[in-house]
Amino acid sequence: MYLKSFFDGASHPHPCGGCGAENLLDFEVRMAFQPIVDAVAREVFAYEALVRGANGEGAGAVIARVDETQMYRFDQTCRVKAIETAARLGMQARLSINFIPNAVYHPATCIRLTLEAARRFDFDPAKLIFEATESERVQDSAHVVGIIRDYQQRGFLTAIDDFGSGYAGLTLLAEFQPDIVKLDMGLIRNIDQHRARQAIVAGIVSTCAALGCRVLAEGVETAEEYRYLRGMGIGLFQGYLFARPELEALPTVAPALWDAIDAES
């Protein structure tokens, strides 16, 4: 009922057909957080908000319950819930929120509820990062580019999530340059032992450097993967090596872990 009252109390009318009260979700969503770490500063750079069910069910189980007509409301509900929970937990780092490009009708209109949530929960909107997932088939690439550019013009950091796993890849990167490119874990797994992945990632790192994009390696699970990627000049990391997602909590990275993983093998 809380989210219903929030949407009903928003300071602007519902702009899109998919945002009406009849399309309210009939189930609860909660948020887990996983840190994104800066290996140079040895600190948490941001936390990614990951949707969970009422009992901690994973994102796949939650998304499977969303009717196609509710995708806009689901996207907006997750944004509000992420901001609300981050504020309640006293998050000081940046907050990274995944958004569904195909669920955003008009960027300027759809961002209003996000900004209203940030105002209401006293969360600095300058700390928001918006991640466009590349694993979802993009129905209109020009529309996606328009969303990202609108967010960038508003001063938000932007990212392509799961880069290398989906449908757009380098073509989407050529159309717009996000602040952060998140390498898919499929490219990361055992990279210290895999020549083809090493060559591909090296090419992406070089391209991103030329375009002024930071590279983030996600899904890092071993110290060997981390050391190899760090040697390639990558500075942002995310994965079980550092911390697993925690439901409605902000995991930290112990200083001793940095000493251990930075040590020579």
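Being a predicted model, the structure only gives us computed values, none of them experimental.

Here strand 2 (residues 43-53) runs beside strand 3 (residues 94-99); their pairing, made up of 3 bridges, is parallel. What sits directly across from Tyr47, in strand 3, is Leu95. Of the pairings in the sheet, the one linking strand 3 to strand 4 (residues 128-133) comprises 5 bridges and is parallel in character. Paired with Phe99 across the two strands is Ala132, which belongs to strand 4.

Right, let's talk about the side chain of Asp150 for a bit. For Asp150, the position within the fold is in helix 5 (residues 141-153). Once you skip the residues sitting within four places of it in the chain, Asp150 turns out to touch Pro107 and Ala108.

Another point: the layout of surface pockets. For the largest pocket, the calculated volume is near 780 Å³. Around the largest pocket, the lining is made up of 33 residues, and of these Glu48, Leu50, Ala59, Asn98 and Asp161 lie nearest the centre. Those elements giving two or more residues to the lining of the largest pocket turn out to be strand 1 (29-38), strand 2, helix 2 (59-63), helix 3 (71-88), strand 3 and strand 5 (157-163).

This part covers the pairing of strand 7 (residues 214-218). Counting buried residues in strand 7 gives 4 out of 5 residues, a clear majority hidden from the surface. Relative to strand 7, strand 6 (residues 180-183) runs parallel, the two being bridged by 4 bridges. Each bridged residue has a counterpart across the sheet, and for Ile180 the counterpart in strand 7 is Arg214. Relative to strand 8 (residues 236-238), strand 7 runs parallel, the two being bridged by 3 bridges.

Attention shifts here to helix 8 (residues 195-211). Three- or four-residue spacings in an α-helix give side chains the same orientation, since the helix completes a turn every 3.6 residues. Over its 17 residues, helix 8 extends 24 Å from the first C-alpha to the last, a length consistent with the 24 Å expected when each residue adds 1.5 Å. If you check which residues of helix 8 are buried, you get Gln198, Val201, Ile204, Val205 and Cys208. Taken end-on, helix 8 shows its buried residues confined to a sector of 130°, consistent with a single buried face. What points out from helix 8, more than 90 degrees from its buried face, is the exposed set Arg195, Ala199 and Ala210. After helix 8 finishes, the residue Gly212 shows a positive phi value of roughly 80°.

Thresholds, definitions, all that
- Residues numbered from 1 in each chain as written.
- Predicted model: local features only at pLDDT ≥ 70, side-chain atom pairs only at ≥ 80, totals over all residues.
- Heavy atoms only, no water.
- Pairing = 2+ DSSP bridges.
- Helix = DSSP H or I, 4+ residues; strand = E, 2+ residues; numbered from the N terminus.
- Contact = heavy atoms within 4.5 Å.
- 1 Å grid on protein atoms, 1.4 Å probe; cavity = no way out; pocket = protein on both sides within 12 Å on 5 of 7 lines; lining within 4 Å.
- Points joined across faces, edges and corners; volume = space filled by probe spheres on them.
- Buried < 20%, exposed > 50% of the residue type's maximum accessible area, 1.4 Å probe, protein only.
- Expected span 1.5 Å × (residues − 1).
- Arc of directions from axis to C-beta.

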